[in-house]
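Breakdown of the fold
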Amino acid sequence: MHPPKILVTGATGKTGAAVVAQLREKDWPVRAVVHRRDARSERLERLGVETVIAEPYDPDQLLDAMQGISRAYFLPFFHPYMIQGATAFALAAREAKLEAIVQMSQWLSSPAHPSLATRQTWLVDRLFAMLPGIAHTIINPGFFADNFLRFIDFAALLGIYPVMTGRSQSAPVSNEDIARVVTAALTNPDLHAGKRYRPTGPKLLSAYDVAAILEKALGSPVRPVETPLWLLLKAARLQRVSAFEMSGYRHYVEEHRRGTFARDGGTSDVVREVTGRPAEDFEVTARRYAALPKANRTAGNRARAFANFMRTPMSPGYDLDRFERELLFPVPPMRRLAIDDERWQAEHDLQSAQRPIAPRREAAEVA
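Below is a summary of the structure that appears in this document. Please read these numbers as outputs of a predicted model, since none were measured by experiment. (Residues numbered from 1 in each chain as written. Predicted model: local features only at pLDDT ≥ 70, side-chain atom pairs only at ≥ 80, totals over all residues. Heavy atoms only, no water.)

Here the focus is the overall build of the protein. Counting secondary structure elements, the protein contains 17 helices and eleven strands. Considered along the principal axes of its C-alpha atoms, the protein spans approximately 65 × 50 × 40 Å. Counting all 367 residues of the protein, 54% fall into the buried class. Contacts in the protein between residues far apart in sequence, at least 24 positions, make up 81% of those at least 6 positions apart. (Helix = DSSP H or I, 4+ residues; strand = E, 2+ residues; numbered from the N terminus. Buried < 20%, exposed > 50% of the residue type's maximum accessible area, 1.4 Å probe, protein only. Contact = heavy atoms within 4.5 Å.)

The subject of this paragraph is helix H5 (residues 116-129). An ideal rise of 1.5 Å per residue puts 20 Å on 14 residues; H5 measures up with 20 Å between its terminal C-alpha atoms. Looking at H5, one finds that the buried residues are Leu-116, Ala-117, Thr-118, Arg-119, Gln-120, Thr-121, Trp-122, Val-124, Asp-125, Phe-128 and Ala-129. Looking at the packing, one finds that the buried side of H5 touches strand E4 (71-74), helix H4 (82-96), strand E5 (100-104), strand E6 (135-139), helix H12 (243-258) and helix H17 (342-348). Structurally, the start of H5 carries an N-cap: the backbone nitrogen of Ala-117 is 3.4 Å from a side-chain oxygen of Ser-115. (Expected span 1.5 Å × (residues − 1). Polar contact = N/O pair within 3.5 Å; in protein donor to acceptor, adjacent residues only side chain to side chain.)

Where nonpolar side chains cluster on the molecular surface, the patch consists of Phe-306, Phe-309 and Met-310 and spans about 290 Å² of accessible area. When you line up the elements, Met-310 lands in helix H15 (residues 299-311). Overall, the relative accessible area of 42% leaves Met-310 in the partly exposed class. (Patch = residues over 30% accessible without salt bridge, like charges linked within 9 Å, V, L, I, M, F, W, Y side chains within 5 Å. Areas by Shrake-Rupley, 256 points an atom, 1.4 Å probe, with all protein chains shown as cover. Salt bridge = Lys/Arg side-chain N within 4 Å of Asp/Glu carboxyl O.)

The next point concerns the sheet that holds strand E3 (residues 50-53). Here seven strands make up an open sheet; going across it, the order is E3-E2-E1-E4-E5-E6-E9 and the pairing parallel. Bordering the open sheet on either side are E3 and strand E9 (196-197), each of which pairs with just one other strand. Across three bridges, strand E1 (residues 6-8) lies against E4 in parallel orientation. Each residue of the ladder has a partner; that of Ile-6, found in E4, is Arg-71. The strands touched by helix H8 (residues 175-187) are E1, E4, E5, E6 and E9; relative to E4, the strand with the most contacts, the crossing angle is about 155°. (Pairing = 2+ DSSP bridges. Axes fitted to C-alpha atoms, helices over the stretch in contact; angles between N-to-C directions.)

For the rest of this paragraph, the subject is the packing of H4 against H5. For any two helices packed against each other, the geometry is given by the interaxial angle and the distance between the axes. For the pair H4 and H5, interaxial distance at closest approach is 9 Å and the crossing angle is 15°. Looking at the two axes, H4 sits roughly parallel to H5. Both H4 and H5 take part in a crossing whose hand is right-handed. The segment H4 lies against H5, with Met-82, Ile-83, Ala-86, Thr-87, Phe-89 and Ala-90 engaging Ala-117, Gln-120, Thr-121, Leu-123, Val-124, Leu-127 and Phe-128. Here the residues of the contact of H4 with H5 sort into ten nonpolar, three polar and no charged. (Parallel < 35°, antiparallel > 145°, perpendicular 65-115°, else oblique. Left-handed = near helix turned anticlockwise from the far one by under 90°. Nonpolar A, V, L, I, M, F, W, Y, C, P; charged D, E, K, R; others polar.)

Moving on, we come to the environment of Tyr-73. When you line up the elements, Tyr-73 lands in strand E4. When residues no more than four places from it in sequence are discounted, the contact partners of Tyr-73 are Leu-7, Val-8, Thr-9, Thr-15, Gly-16, Val-19, Val-102, Met-104, Val-182 and Leu-186.

Attention shifts here to the environment of Val-124. On the secondary structure map, Val-124 appears in helix H5. Classification of Val-124 by relative accessible area gives buried; the value is 0%. Those residues in contact with Val-124 that lie beyond four places of it in its chain are Phe-74, Met-82, Ile-83, Ala-86 and Gln-103.

Next up on the list: the nonpolar core. Ranked by internal contacts, the top residues of the largest apolar core, which has 49 residues, are Tyr-161, Leu-214, Leu-218, Met-246 and Phe-282. At eight residues, the largest contribution of residues to this core is made by helix H10 (residues 207-218). Those residues in contact with Met-246 that lie beyond four places of it in its chain are Leu-232, Leu-233, Ala-236, Val-241, Tyr-318 and Leu-320. Grouped together as the second largest cluster of nonpolar side chains are 30 residues, Trp-28, Ala-32, Ile-178 and Val-182 included. (Core = buried A, V, L, I, M, F, W, Y, C linked by side-chain atoms within 4.5 Å.)

An α-helical turn contains 3.6 residues, so any two residues separated by three or four positions project in the same direction. Looking at helix H14 (residues 282-290), one finds that the buried residues are Phe-282, Glu-283, Thr-285, Ala-286, Tyr-289 and Ala-290. Looking straight down H14, one finds that the buried residues subtend no more than 155° of arc, so they occupy a single side. The inward-facing, buried residues of H14 contact helix H6 (145-148), helix H7 (152-158), H8, strand E10 (205-206) and H10. Capping of H14 at its N-terminal end is provided by Asp-281; its side-chain oxygen lies 3.0 Å from the backbone amide nitrogen of Glu-283. (Arc of directions from axis to C-beta.)

At a closest axis distance of 11 Å, the pairing of helix H11 (residues 229-238) and H12 adopts a crossing angle of 150°. Considering their axes alone, H11 and H12 lie roughly antiparallel with respect to each other. In this structure, H11 meets H12 at a crossing whose hand is right-handed. Where H11 approaches H12, its residues Leu-229, Leu-232, Leu-233 and Ala-236 are matched on the opposing element by Met-246, Tyr-249 and Arg-250.

Burial along strand E7 (residues 160-163) is two-sided: Ile-160 and Pro-162 facing one way and Tyr-161 and Val-163 facing the other are all buried. Sheet analysis places E7 next to strand E11 (residues 223-226), joined by four bridges and oriented parallel. Within E11, the residue paired with Ile-160 across the bridge is Arg-223.

Pairing geometry for strand E2 (residues 30-34) and E3, over four bridges, is parallel. Within the sheet, the bridge partner assigned to Val-33 lies in E3 and is Val-52. Crossover handedness for the path E2 to helix H2 (residues 39-46) to E3: right-handed. (Right-handed = clockwise from strand over helix to strand, strands pointing away.)

This next bit is on the pattern of salt bridges. Two side chains that carry opposite charge are able to pair once their charged atoms sit near each other. Within the structure shown, the criterion is met by 25 salt bridges. Lys-216 is paired through a salt bridge with Glu-283; the nearest N and O atoms lie 3.4 Å apart. On the criterion of sequence distance, the pair formed by Lys-216 in helix H10 and Glu-283 in helix H14 is long-range, its members being 67 residues apart. You can call Glu-283 buried: its relative accessible area is 17%. Each of Lys-14, Asp-146, Arg-150 and Glu-245 takes part in a single network of salt bridges with overlapping partners.

Function cannot be read off these values alone, since they describe shape.
Below you can see the structure in the form of structure tokens.
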């Protein structure tokens, strides 16, 4: 008997690509939703993945992509209209009679958060939990290891590591470990139905700890440098990171500084409990990033890194408050960081993290 085909959204992204690779390693058939035919979709096809082009806001195209599918991984995308895409996906999933959805969420997920993306994520959590007859699993990681490793080229080529979060700590988790939890839930949905999993790395680290680990992984000195938000916004725009992504990230940095990601000890054993293997040490993740082409110490890479470093302070940044005003983002009456929100604290404590957020009705109950 052949295993059911699994639909993966965000399949060319960081966790999506890792989910696809791990499913294919286990010989599970995969269909990936892509935006266009390009080199990234071709890489998926070389893995034996079926690719389909679908507009993420169009329920009809998503329904077509779900034909012959019984399970799906939903990865929300950083966009002001993310909630529309999630609703279109939910409608298509119900019509296609999917048996299971594994959904990427956030540890900060809450309805009163200053970040629109985080408020919308909370709505998506509830929306998918209300789908009748569909096993729903939420993955809500804390701080991604990838967030600490975006400047691996600066560390490798210039010996500088920008610090945004001071001495505050989190347990950064790798994309690969997150994907292993997602893959486990997709391949055995009944076991994980109604669960919320918070995968983390094995121990708490500050950005200064990260700099020391990078120094070891790279085999060269790395100096941590406190970096103000205005400079990060300039660097982000120079690297074509969207204003919307940064509009949320600035609040996530503040949450980190306030200790939100270290709350209740800050670590979980979810990766081992769900996958049978412990979460990888941050140094293992760092060495993988250190091997990326952009971190290679070539003359060309060094020249580009130095040029970008010198031009960043003189480059335009983002005016995020103006950006949000011009897009007319909906604003809750009282915006609160997660760490200050009693509702968030009740919903996201580690002791209740595994409990379902809403009871699941069995398919037999649906007319």
